[in-house]
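Close look at the chain arrangement
Here are the chains, one letter per residue:
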Amino acid sequence: MKLEMKDSPGQLVAALKPISDVGGNIIAVIHQRDPDLRKGILNVQIVLELPDGQRERLVELLQEQGVHIQRIGEERLLYKRTVILIGHLMHTDLSDTVDQIDSTGFAEVSELSMSMPAVNQRSSSRITIKAVSKVDMESALSILRRVSAQKSLLLIEPLEEIA
């Protein structure tokens, strides 16, 4: 599941405790300590196993803790596109570029690979984006086009489309 919560002490623990309370097993927690500064929000992805019939109770407990559930359960991102970015990716804050897609709620970067020949040379990155619909994919790509222009990055798109 993908959660959105306030970036304040104790929020991650508050989100994890209900999983234990319903007998769930946490397999992985993906937590990046770079909050979305525009909203003071932190995104966390959790891979877990739940006993049968406990999903609704988990949702209730998380909502009581003030945790917003962006996604739970099966894959909802049905459209996929892969693009290439070329430029000084690290110097222009690649994590910010990814966050601008991930923070939409309708699209996210699902894969990223990067090649960095040398500090003073341009790097390249292969980025796969998944989105809820074709319209949402186009919106995500529009964001990426805008960010690429602002950061003087070359965007090569798309390599394929899978629905």
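Spatially, the 4 strands line up as an open sheet ordered β2-β3-β1-β4, and their pairing is antiparallel. If you trace the sheet from one side to the other, it starts and ends with β2 (25–31) and β4 (68–71), each paired once. Strand-to-strand twist across the sheet, computed as the mean angle between neighbouring axes with direction ignored, equals 30°. As judged from the 5 bridges shared by strand β1 (residues 2–6) and strand β3 (residues 41–49), these two strands associate in the antiparallel manner. Looking at β3, one finds that Met5 is bridged to Leu42.

Turning to the pattern of salt bridges, a few remarks are in order. Taken as a whole and judged by the stated rule, the model has 7 salt bridges. Taking the shortest distance from any N to any O, the salt bridge between Glu157 and Arg145 comes out at 2.8 Å. One end of the pair, Glu157, is in the loop between β8 (154–156) and β9 (161–162); the other, Arg145, is in helix α4 (residues 134–150), and 12 residues separate them in sequence. Relative accessible area serves as the criterion here: at 28%, Glu157 is assigned to the partly exposed category. When salt bridges that share partners are traced, they join Glu138, Arg145 and Glu157 into one network.

Another point: helix α2 (residues 55–64). Within α2, burial applies to Leu58, Leu61 and Leu62. One face of α2 carries all of its buried residues, which in axial projection span an arc of 100°. For α2, the exposed residues set more than 90 degrees away from the buried face come down to Glu56, Gln63 and Glu64. Tucked into the core, α2 has its buried residues touching β1, α1 (11–21), β3 and β4. Residue Gly66 follows α2 closely and has a positive phi angle near 80°.

The rules we used
- Residues numbered from 1 in each chain as written.
- Predicted model: local features only at pLDDT ≥ 70, side-chain atom pairs only at ≥ 80, totals over all residues.
- Heavy atoms only, no water.
- Pairing = 2+ DSSP bridges.
- Helix = DSSP H or I, 4+ residues; strand = E, 2+ residues; numbered from the N terminus.
- Axes fitted to C-alpha atoms, helices over the stretch in contact; angles between N-to-C directions.
- Salt bridge = Lys/Arg side-chain N within 4 Å of Asp/Glu carboxyl O.
- Buried < 20%, exposed > 50% of the residue type's maximum accessible area, 1.4 Å probe, protein only.
- Arc of directions from axis to C-beta.
- Contact = heavy atoms within 4.5 Å.

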